[in-house]
Amino acid sequence: LLEGAGTADIRQAVEAAEYIALCAGEGLDELTICDGKAMYTSRWAEDGEGHREVLAAVFSPRVKKVARDVKDLMRLLQDEGLSTEGFVFDTALAGYVLDPTESGYDTARLAARHLGAELPEAQALWELYPVMDSALDAAGGRALYHDIELPLCSVLARMEEKGFLVDRKALAAFGEGLAGGIERLQRSIWEHAGHEFNINSPKQLGEVLFEELMLPAGKKTKTGWSTNADVLEKLVGKHPIISEILDYRMLTKLKSTYADGLLKVISPDGRIHTSFRMTVTATGRISSTEPNLQNTPVRRELGGEIRKMFVSPPGCVLVDADYSQIELRILAHISGDETMKNAFLNGEDIHAVTASQVFGVPLAEVTPLQRSRAKAVNFGIVYGISAFSLAQDIGVWPGEAKAYIDAYLEKYHGVREYMERVIAEAKERGYVETLYGRRRPMPELKSPNRNTRAFGERVARNMPIQGTAADIIKLAMVNVDRALREEGLSARLILQVHDELIAECPEEEAERVKELLEREMESAARLSIPLTAEAHSARSWAEAH
């Protein structure tokens, strides 16, 4: 550490360096910089206006910068009105691309792994850049990292800053309505039991259901009877108390997690500013936290009410665009299965086509039940589902579910061959990868444990599909964000949920933004079959979806 370096010395070193590495203290009040020759520290508490000059020099777009968790740093820079340009490397993001199954990507861990040394953080970051950049080349991850992951940092930082407007009054009223429903269910459950008890206590609930009402139960453990969802679902119809308990649990979760939970995180600007996490999932998907907006319920009628609370400001609308069956399209492309590819190329209903193939009936004679089951098989295949899990999902015996899967793989030869090929290749290489070179190590395939190996095979089959979908949606986000700004539109992306992008824009821009989203999402990848996206606009998330 170069002691006694003044503001002018630091600025001169920063401007002369090929690149610098930096560590920022909370709120940018402290900055440690390494230029490969020395380390410099600047603090607001000690340097005052001089510190502000250092920040301006360091965060000039002309200065090449290396840091850890660049997206979070960009959020700080936005708040301070400083440029977010000039970042050439994010060590945590590079560590994630190199191995998405690691438990963390802190600098000390990366330095130990790639440098074999313990170093001060800024120096470690400076030395990690060329070493990890070469490692990305060797692992085939350069384009993925530099064309998708690193550019996405600024996109996500802007989305976090913008946030999503919430109708606070409507959300509070919804919570009050849920409270009334919970109270009514509680009284009815107590009436069925013949006395008051704590419905949220598994021990007390177990005693009521299996000792007092004498309902059929599983085994009793040391802690008491199991009252989890699986146990209760099997008892539906045996006694009216069961469906009421399930409804009670649903309403209490909706109230605590969403109605009450979301009210607590609305910022003074009336918006919820979720944090997007880039280095969490093994498939490459972005996750959302504090709060998690990607888990906002959509299917149940009451759950859908939550999305009505997410709204556009006056004079604006939300534009919601999502991909149509992107993972099945990727499966058709990767496997090369002609039956599946032709269904998409001819614009046919892929689930009806699958039902026709699996159940051996003409396409025109497929029943709604057959289509529904075929849909479960289609998505089950993508997610590497077992016959047992499929049976539970569609309400048939495991033997029948296995027959559906076998019939599917018999008809879709290309898919079956892909499943076999990808597992064989994963065993040989030790990893699976997406079309964009995102790799996931597969040590599970060499495990002596049969269940672990079976899990590994399911992951090997579905990771290239799910991971490629994640890569494509990220690329679409980068392209959409760039296009919105290049075309001078006020519209901005505010949320990504799996295969769905949401933008907020003035009403007069709605048609242009819908067209732009569809265009950029559909052109994000060139597959052997077209990607299709559909956009809608409305005042609320529920109406736009």
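Presented here is an overview of the structure given in this document.

Each value, and the rule that gives it
- Residues numbered from 1 in each chain as written.
- Predicted model: local features only at pLDDT ≥ 70, side-chain atom pairs only at ≥ 80, totals over all residues.
- Heavy atoms only, no water.
- 1 Å grid on protein atoms, 1.4 Å probe; cavity = no way out; pocket = protein on both sides within 12 Å on 5 of 7 lines; lining within 4 Å.
- Points joined across faces, edges and corners; volume = space filled by probe spheres on them.
- Helix = DSSP H or I, 4+ residues; strand = E, 2+ residues; numbered from the N terminus.
- Nonpolar A, V, L, I, M, F, W, Y, C, P; charged D, E, K, R; others polar.
- Salt bridge = Lys/Arg side-chain N within 4 Å of Asp/Glu carboxyl O.
- Buried < 20%, exposed > 50% of the residue type's maximum accessible area, 1.4 Å probe, protein only.
- Pairing = 2+ DSSP bridges.
- Axes fitted to C-alpha atoms, helices over the stretch in contact; angles between N-to-C directions.
- Contact = heavy atoms within 4.5 Å.

1. Some thoughts on the layout of surface pockets
Alright, step 1. One number sums up the size of the second largest pocket: a volume of about 390 Å³.
Alright, step 2. Lining the second largest pocket are 21 residues, and of these Asp69, Asp72, Arg277, Met278 and Thr279 sit closest to its centre.
Alright, step 3. When contributions to the lining of the second largest pocket are tallied by element, the ones reaching two or more residues are helix 4 (70-80), helix 5 (91-98) and strand 10 (275-277).
Alright, step 4. Tallied by class, the residues present in the lining of the second largest pocket amount to eight nonpolar, six polar and seven charged.

2. Let's talk about the pattern of salt bridges
Alright, step 1. Applying the stated rule across the entire model yields 40 salt bridges.
Alright, step 2. Ionic pairing is found between Glu487 and Arg519, a salt bridge with its closest N-O pair at 2.9 Å. Placement of the pair is Glu487 in the loop between helix 21 (450-486) and strand 15 (492-497) and Arg519 in helix 22 (residues 510-522), with a sequence separation of 32 residues.
Alright, step 3. The partly exposed category is assigned to Glu487, whose relative accessible area is 35%.
Alright, step 4. For Arg519, a relative accessible area of 40% corresponds to the partly exposed category.

3. A closer look at the sheet that holds strand 12 (residues 316-323)
Alright, step 1. In spatial order, the strands read 15-16-12-17; together these four strands make up an open sheet with antiparallel pairing. Bordering the open sheet on either side are strand 15 and strand 17 (533-538), each of which pairs with just one other strand. Across the sheet, the axes of successive neighbouring strands diverge by a mean angle of 20°, strand direction being ignored.
Alright, step 2. Across seven bridges, strand 12 lies against strand 16 (residues 500-506) in antiparallel orientation. Pairing of Cys316 across the sheet is with Pro506, part of strand 16.
Alright, step 3. Taken strand by strand, helix 8 (residues 142-162) contacts strand 15 and strand 16, and its axis lies near 100° from that of strand 15.

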